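Topology and contacts: notes
So the chains spell out like this:
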Amino acid sequence: MTAFTHRLTHHPLLRLMALVWLAAALLAGCSQEPKQRAAFIDFLQTRILDKKSGVVPILTKQDKDTLGDDYAKQYAVIQDFHEALNDTVSKPASDLLSKGSFNSIGDIVNRRADLKTMQDALKQLRTALDVNLAKADAAHAAMKQPDDLKAVYDKAYDRSVAVPAAAFKDTFPAIDGMFDSVNQVADYLEKHRSDVKISGAMMEVNNPKIQAELQALLTQLNNQGRAVNDAQSKLLKAVSGG
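One structure accompanies this document, and this report is about it. Bear in mind that the values here come from a model prediction, so they are computed numbers and not experimental data.

Summed over all chains, the structure comprises 1 cavity of 30 Å³ or more. Considered as a void within the structure, the largest cavity measures approximately 50 Å³ in volume. By residue number, the principal contributor to the lining of the largest cavity is helix H5 (residues 147-191), which donates 3 residues. For the lining of the largest cavity, a count of residues per class yields 4 nonpolar, 4 polar and 1 charged.

Turning next to the nonpolar core. Core analysis: the biggest nonpolar cluster contains 58 residues, and Phe 40, Leu 44, Tyr 75, Phe 81, Leu 129, Tyr 153 and Phe 179 have the highest contact counts within it. The set of elements that each furnish at least two residues to this core consists of helix H1 (12-49), helix H2 (61-99), helix H3 (105-110), helix H4 (112-141), H5 and helix H6 (208-240). For this core, the leading source of residues is H5, giving 19 residues.

Right, let's get into the packing of H4 against H5. At their nearest, the axes of H4 and H5 sit 11 Å apart, and the two run at 165° to each other. On the basis of their axis angle, the class for H4 and H5 is roughly antiparallel. As H4 runs across H5, the sense of the crossing is left-handed. Classifying every residue of the contact of H4 with H5 by side-chain character gives 18 nonpolar, 3 polar and 9 charged.

It is worth spelling out a nonpolar patch on the surface at this point. Judged by side-chain polarity, Val 109, Ile 198 and Met 203 come together as a nonpolar surface patch covering roughly 200 Å² of accessible area. If you trace the backbone, Val 109 turns up in helix H3. A residue is classified by how much of its surface remains accessible, and Val 109, at 41% relative accessible area, is partly exposed.

With that out of the way, let us pick up the packing of aromatic side chains. Per the stated rule, a full pass over the model turns up 4 aromatic pairs. Pairing Phe 40 with Tyr 153 gives two aromatic rings, centres 6.0 Å apart and planes at 55°, and the pair type is tilted. You can see Phe 40 sitting in helix H1 and its partner Tyr 153 sitting in helix H5, a full 113 residues away along the chain. For Phe 40, a relative accessible area of 0% corresponds to the buried category. Residues Phe 43 and Tyr 75 carry aromatic rings whose centres are separated by 5.0 Å and whose planes lie at 85° to one another, so their mutual orientation is edge-to-face. Taken together, the residues span a long stretch of sequence, with Phe 43 in helix H1 and Tyr 75 in helix H2 at a distance of 32 residues.

Right, let's talk about the pattern of salt bridges for a bit. Enumeration over the complete set of coordinates arrives at 10 salt bridges. Salt-bridge contacts for Lys 116 lead to Asp 120; the nearest nitrogen and oxygen are separated by 3.0 Å. Here Lys 116 pairs with Asp 120, and both are found in helix H4, just 4 residues apart, close to one helical turn. Classification of Lys 116 by relative accessible area gives exposed; the value is 55%. For Asp 120, a relative accessible area of 29% translates into the label partly exposed. Here Asp 176 makes a salt bridge to Arg 126, at a shortest N to O gap of 2.4 Å. Residue Asp 176 is found in helix H5, and its partner Arg 126 is found in helix H4; the two are separated by 50 residues along the sequence. The exposure class of Asp 176 is partly exposed, given its relative accessible area of 26%. Judged by relative accessible area, Arg 126 falls into the partly exposed class, the value being 27%. What emerges from the salt-bridge pattern is a single network uniting Glu 33, Arg 37 and Asp 148.

Positionally, Ile 175 belongs in helix H5. On a C-alpha basis, the gap between Ile 175 and Val 228 in space is 5.9 Å, while along the polypeptide they are 53 residues apart.

Next up on the list: H5. Look at H5: 64 Å from first C-alpha to last across 45 residues, which is about the 66 Å you get at 1.5 Å a residue. The axis of H5 is deflected most strongly, by about 40°, at Asp 158.

Criteria and cut-off values
Residues numbered from 1 in each chain as written. Predicted model: local features only at pLDDT ≥ 70, side-chain atom pairs only at ≥ 80, totals over all residues. Heavy atoms only, no water. 1 Å grid on protein atoms, 1.4 Å probe; cavity = no way out; pocket = protein on both sides within 12 Å on 5 of 7 lines; lining within 4 Å. Points joined across faces, edges and corners; volume = space filled by probe spheres on them. Helix = DSSP H or I, 4+ residues; strand = E, 2+ residues; numbered from the N terminus. Nonpolar A, V, L, I, M, F, W, Y, C, P; charged D, E, K, R; others polar. Core = buried A, V, L, I, M, F, W, Y, C linked by side-chain atoms within 4.5 Å. Buried < 20%, exposed > 50% of the residue type's maximum accessible area, 1.4 Å probe, protein only. Axes fitted to C-alpha atoms, helices over the stretch in contact; angles between N-to-C directions. Parallel < 35°, antiparallel > 145°, perpendicular 65-115°, else oblique. Left-handed = near helix turned anticlockwise from the far one by under 90°. Patch = residues over 30% accessible without salt bridge, like charges linked within 9 Å, V, L, I, M, F, W, Y side chains within 5 Å. Areas by Shrake-Rupley, 256 points an atom, 1.4 Å probe, with all protein chains shown as cover. Salt bridge = Lys/Arg side-chain N within 4 Å of Asp/Glu carboxyl O. Phe/Tyr/Trp six-rings, centres within 6.5 Å; stacked < 30°, edge-to-face > 60°. Expected span 1.5 Å × (residues − 1). Bend = angle between axes of the 7 residues up to and from the residue.

Shown next as structure tokens:
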């Protein structure tokens, strides 16, 4: 009896079956892309661009299954930016403006030590915004998208990432101006503390020159406060899609 070996992987029938299965798998994979792309375009158009609100929807498991992994990851660039914006910029900014609200001259005098802390916090907000935006922009720039999808995605990205980021940045000069004015008032009161008597919201000044100079500084502070309010309104409008 003669010994012999036979490798099944070399069997013509098995090789043919393997090729058939591979071809079927490739065809199945290719056929999903147009459908997933169409679903993604529809999602961006109907769930972001057609909505009056600026709310960025969170993908459900069903959404992810419909869009496929690649397009779900592309959308995650927008969603992740908004989550980071909310956690590292929006909420801290709201807290900062709340703490930075000075209700009286007495507040300015008594909370002088808080000013530097608030200004340092503002710098951190700017850094966080720059980091989040740079990360999103880099991911966006690296995307390779068919033209039909790119046209819609770019519009959705602009509305959901670029516009809110720019609106946040536009608030910073107004906040800087408010802090500068508060510091100027505090410096002036410190310099003339023997000439100005303060009791809460009440202030007594006997020197007309000092009264006029202080009034000018307070008027400037009020104007800066209005500028902050205007910037906040514009920010809310941009974020809400109004």
